[in-house]
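The residues making up each chain are set out below.
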Amino acid sequence: MLNRKILAGLLAVSSLLSACSEESAVPPGMAPQVTVVTLKSEPVTLTRELPGRTAPFKVAEVRPQVNGIVKQQLFREGGQVDSNQPLYQLDDAIYRADRDSAQANLQRAEAAMNIARLKAERTKDLIGNGAVSEQENDSAEADLQEARANVAAARAELQRARIQLDYARITSPISGRIGKSAVTQGALVTANQSAALATVQQLDPIYVDVTQSAAELLSLRRALDAGALAEASHLPVKILLEDGSEFAHPGKLEFADASVDPSTGSVLLRVVVPNPDHMLLPGMYVRAVVGSGVRDNAILVPQQGIARDPKGNTSAMVVTPENVVAQRSVQVSRTVGSRWLVEGGLQAGDRVVVAGLQKVRPGAPVRPTEATDEQQPAATGDTQATEPGV
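Residues numbered from 1 in each chain as written. Predicted model: local features only at pLDDT ≥ 70, side-chain atom pairs only at ≥ 80, totals over all residues. Heavy atoms only, no water.

Chemist: Even after reading the chapter, I still don't get the packing of aromatic side chains, so can you show me in this structure?
Modeler: Describing an aromatic ring pair means giving the distance of the ring centres and the angle of the ring planes. Across all of its chains, the model carries 2 aromatic pairs by this definition. The interplanar angle of 80 degrees and the centroid separation of 5.4 Å between the aromatic rings of Phe75 and Tyr88 together place this pair among those described as edge-to-face. Taken together, the residues span a long stretch of sequence, with Phe75 in the loop between strand 3 (68–73) and strand 4 (80–81) and Tyr88 in strand 5 (residues 86–90) at a distance of 13 residues. Here the two residues Phe75 and Tyr88 agree in accessibility, since each one is buried. When the ring centre of Tyr207 is taken as origin, the NZ or CZ atom of Arg270, which lies over that ring, is 4.0 Å away. (Phe/Tyr/Trp six-rings, centres within 6.5 Å; stacked < 30°, edge-to-face > 60°. Helix = DSSP H or I, 4+ residues; strand = E, 2+ residues; numbered from the N terminus. Buried < 20%, exposed > 50% of the residue type's maximum accessible area, 1.4 Å probe, protein only. Lys NZ or Arg CZ within 6 Å of the ring centre and 35° of its normal.)

Next up, the structure:
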């Protein structure tokens, strides 16, 4: 009885080994067919989608520089104004009178100077004949110098009166769109008052102020210093409106602030955006897709070729040169369209299974077929990898 049991066990082991041997020696024609994508390196532009708000390119608050009553408003509220365009006319009767008085004082001073000049010329001619003394000559010269100084002072006073008169006509310091008027005809305004009469804003171009985490900026600079990334600040900045649509005109990164906001731990980035149609208004919420760096030899793998286990670990099935399936642990960071950006585990030349995964397991022989252009994502030129901001 015991010998029969031993014999039966040996037969069972022999049958199992025979089955395994037959399975491992599957003829090539019987191996399952899978679709693979051969990976290759390509340049990828890493971008970051950051929140921000628009701000006017220039802002000018219009205030009076002289006292007066508003006689006339010379602009249309909400319209476009040009630099030096008149906005308000104050009652300037007093300033005209001051100008005329200063003009008369200048004429009086010039007449006195002419008299002093003639007197000085006569004494200079007579001093050689001994008709006048040295003291009289010196006095005549001093009177002439004083008269000239009086003319200069009168001329300066006339200039001051003219400036005061010009200030009675309030003009726009910049070109842009003007808001509502804070005063109406008949209102009393005072020089250098705290309240602005109106505000002019230049909206073309317009600023977009976005914020970036200081930790992320530090990591980016380290990657640039290490040579892992190339500079990408020259790339155009794409602006996304609040409804998700893309703004027609790309912007340009102007500068990054030199300090970190201690309350938020973020750095301000300023983008200049053309705004010819004035679609962007100050204070609007937008998102800017800013280039953070260029990775010259990036590896991209189709998303369908990456599996994720319950713990979040990612892996891929790779076909070896012997056409046998091998499982690889893979590290990915962000999506680029319908592909993952690979940080580790795969390299150029690897054949990743993207279709037929349910028919294979590690160690099994397969018949690989390269995916067609329609079956795999397009990979042309400089691809952009965008990561949403916080």
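Chemist: Is there a simple way to think about the nonpolar core in this case?
Modeler: General note: in soluble globular proteins, nonpolar side chains tend to be found buried as a group. Core analysis: the largest hydrophobic core is formed by 20 residues, its most contacted members being Phe75, Leu87, Tyr88, Leu90 and Ile178. The set of elements that each furnish at least two residues to this core consists of strand 2 (41–62), strand 5 and strand 9 (198–213). For this core, the leading source of residues is strand 5, giving 3 residues. Look past the residues within four positions of Ile178 in its chain and what remains in contact with it is Phe75, Arg76, Glu77, Gly78, Gly79, Val81, Leu87, Ala198, Thr199 and Val200. By size, the runner-up hydrophobic cluster in this structure holds 15 residues, among which are Ile206, Ile239, Phe247 and Leu269. (Core = buried A, V, L, I, M, F, W, Y, C linked by side-chain atoms within 4.5 Å. Contact = heavy atoms within 4.5 Å.)

Chemist: For this particular structure, what's the right way to read unusual backbone geometry?
Modeler: Across residues other than glycine, the phi torsion is negative in most instances, and most of the peptide bonds are trans. Going from Asp204 to Pro205, the amide bond is cis rather than trans, its omega being 0 degrees. With respect to the secondary-structure elements, Pro205 resides in strand 9. Not every positive phi belongs to a glycine, and Asn192 is a case in point at roughly 60 degrees. For Asn192, the location among the structural elements is in the loop between strand 8 (188–189) and strand 9.

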